[in-house]
Amino acid sequence: MSIGAKLGIGFMRALAHLPLPVVRGMGFVMGRVLHTVAAPRRHVVDTNLQLCFPDKSRQERRRIARDTFVHVAQAWLDRSWLWHAPLAVVEQRLKLQGAMHEFEGDTPTIVFAPHFCGLDAGGTALSIAVRRPWTSIFTPQRNALINDWLEVGRTRFHGEVQVFDRTAGVKPIVSGLRKGGLLYLLPDMNFGPQESIFVPFYGVPAATVPSLSRFARLGRAKIVPVLSRLTATGYTIEVLPAWQNFPTDDVEADTALMNRRLEGYIDTMPSQYYWVHRRFKTRPDGELSVY
C-alpha cells in the first residue's frame with residue numbers, strides 16, 4: 001500500500017511539470033475509460049442524475065454522466081500542479097473573481113464550498129489571496145502517506161491553516177470563527193443518519209449535514225458561497241455575496257434553503273458536480289435503497 005502511494009505521489013509530482021493541455025488530455029482519456037469500466041460507480045452517477053433530473057432526456061443524462069467522469073479525473077490530475085507546481089504557474093491558471101470584499105476585516109466567515117470538481121482549486125486560490133486564519137474539516141484517509149500528502153497540498157500556500165478531522169468536535173472550529181477566522185466548509189455530503197437530517201435535494205429526501213446553519217449560529221458567522229468551475233485554461237473561482245438573513249432559529253429550514261440554493265448553482269454546471277458520491281445512500285425509515 002505504501003509503495004503504491006509513493007509511486008502515485010511521485011507520478012503527480014512529475015505530472016506537475018507538463019503543460020496543462022497534456023494533463024487535461026490524460027484526464028479526458030482516464031475519465032472516458034472509467035465511465036466505461038467502473039460499472040458500479042457509473043450506476044451511482046446514473047441513479048443520481050435520474051433522481052435529480054427526471055425531466056432531462058436519457059441521452060442528456062448520459063452525456064452529463066460521461067462528462068462528470070471526465071471532470072472528476074481531470075480535477076484529480078490537476079492536483080499535481082495545484083500542489084507541486086511553482087506559485088507563478090498556479091496563479092496563472094486560477095482566476096479568482098467576484099465579491100472579494102466579503103473577506104475584508106475580521107467578521108467570522110464560513111466559505112460554503114459545494115462539492116464541485118474544482119473545490120481544491122477554489123481552496124488553493126483563496127488560501128493565496130486571503131491572508132486570514134483558516135480552518136478546514138478533513139476526512140482522514142486510510143493510508144497515512146496519502147493523508148499527509150492531501151493535508152500538505154491543501155495548506156501549502158498559507159501558514160495559518162488548521163485542519164481538523166471530522167471527529168475533532170465543534171469547539172476548536174467555533175473558537176477559530178469567533179476569533180475572526182474563516183471556515184472552508186463542504187456540507188453537501190451524506191455522512192449517515194447520525195449526523196444528518198432529511199431535507200429535499202432536487203425534490204428527493206436527502207440526508208444532509210446541518211453544519212452550515214449550526215456553525216454559522218455558534219460562530220456568529222456570515223455565509224459566503226464560493227463556486228469553482230473547471231475551464232480550458234484552469235479554473236474560475238467565483239465568490240458570491242454573503243447570504244442575507246442566515247442563519248435563522250430553524251436548522252431544518254436553513255438546511256433545506258442551503259440545498260435549494262445549491263441546486264441553482266449545480267444547474268449552471270451540472271456535469272461538474274460530484275455525482276459519483278452516493279448522495280441518497282441513507283434513506284428515511286422504511287424506504288428501500290435507490291442504488
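Predicted model, so just to flag it, every value in this text is computed and none were measured. (Residues numbered from 1 in each chain as written. Predicted model: local features only at pLDDT ≥ 70, side-chain atom pairs only at ≥ 80, totals over all residues. Heavy atoms only, no water.)

A. Broad picture of the state of the cysteines. Applying the stated criterion to the full structure yields zero disulfides. Looking at Cys-52, it has no disulfide partner, and the nearest cysteine sulfur is the one in Cys-117, 15 Å off. Judged by its relative accessible area of 6%, Cys-52 is buried. Overall, Cys-117 belongs to the buried group, its relative accessible area being 11%. (Disulfide = S-S within 2.5 Å. Buried < 20%, exposed > 50% of the residue type's maximum accessible area, 1.4 Å probe, protein only.)

B. Quick look at the environment of Val-170. Mapped onto the secondary structure, Val-170 falls in the loop between strand S4 (161–165) and helix H8 (171–178). A relative accessible area of 43% places Val-170 in the partly exposed class. (Helix = DSSP H or I, 4+ residues; strand = E, 2+ residues; numbered from the N terminus.)

C. Main features of the layout of surface pockets. Looking at the second largest pocket, its volume works out to about 210 Å³. Taken together, His-35, Arg-42, His-43, Asp-46, Thr-47, Leu-49, Gln-50, Arg-58, Arg-61 and Arg-62 make up the full set of residues lining the second largest pocket. At the level of elements, helix H3 (39–52) and helix H4 (58–84) are the ones that each hand at least two residues to the lining of the second largest pocket. No other element matches the six residues that H3 contributes to the lining of the second largest pocket. For the lining of the second largest pocket, the residue count by class is one nonpolar, four polar and five charged. (1 Å grid on protein atoms, 1.4 Å probe; cavity = no way out; pocket = protein on both sides within 12 Å on 5 of 7 lines; lining within 4 Å. Points joined across faces, edges and corners; volume = space filled by probe spheres on them. Nonpolar A, V, L, I, M, F, W, Y, C, P; charged D, E, K, R; others polar.)

D. Representation of H8 in the model. Ile-173, Val-174, Gly-176 and Leu-177 are the residues of H8 that are buried. Buried positions in H8, seen along its axis, are confined to an arc of 160° and lie on one side of it. Once H8 ends, the next one or two residues include Gly-180, with phi positive near 90°. (Arc of directions from axis to C-beta.)

E. Expanded view of the side chain of Thr-282. Inspection of the secondary structure puts Thr-282 in the segment after helix H10 (251–267). A polar contact of 3.0 Å, which involves the side chain of Thr-282, links it to the side chain of Asn-190. In contact with Thr-282, not counting residues within four places along its chain, are Asn-190, Gly-192, Pro-193, Phe-198 and Ala-207. (Polar contact = N/O pair within 3.5 Å; in protein donor to acceptor, adjacent residues only side chain to side chain. Contact = heavy atoms within 4.5 Å.)

F. Up close: the environment of Thr-268. Here Thr-268 lies in the segment after H10. Owing to a relative accessible area of 47%, Thr-268 belongs among the partly exposed residues under this scheme. Between the C-alpha atoms of Thr-268 and Arg-229, which are 39 residues apart in sequence, the distance is 9.8 Å. Of note is the side chain of Thr-268, whose polar atom sits 2.6 Å from the backbone oxygen of Tyr-265.

G. View of the packing of aromatic side chains. Across all of its chains, the model carries 15 aromatic pairs by this definition. Where Trp-81 meets Tyr-235, the ring centres are 6.2 Å apart and the plane angle is 40°; that geometry is what we call tilted. Of this pair, Trp-81 sits in helix H4 while Tyr-235 is found in strand S9 (residues 234–239), placing the two residues 154 residues apart along the sequence. Given the relative accessible area of 2%, Tyr-235 is considered buried. When the centroid spacing of 5.6 Å and the interplanar angle of 75° are considered together, the rings of Phe-116 and Tyr-273 count as edge-to-face. (Phe/Tyr/Trp six-rings, centres within 6.5 Å; stacked < 30°, edge-to-face > 60°.)

Structural measurements only, silent on function.
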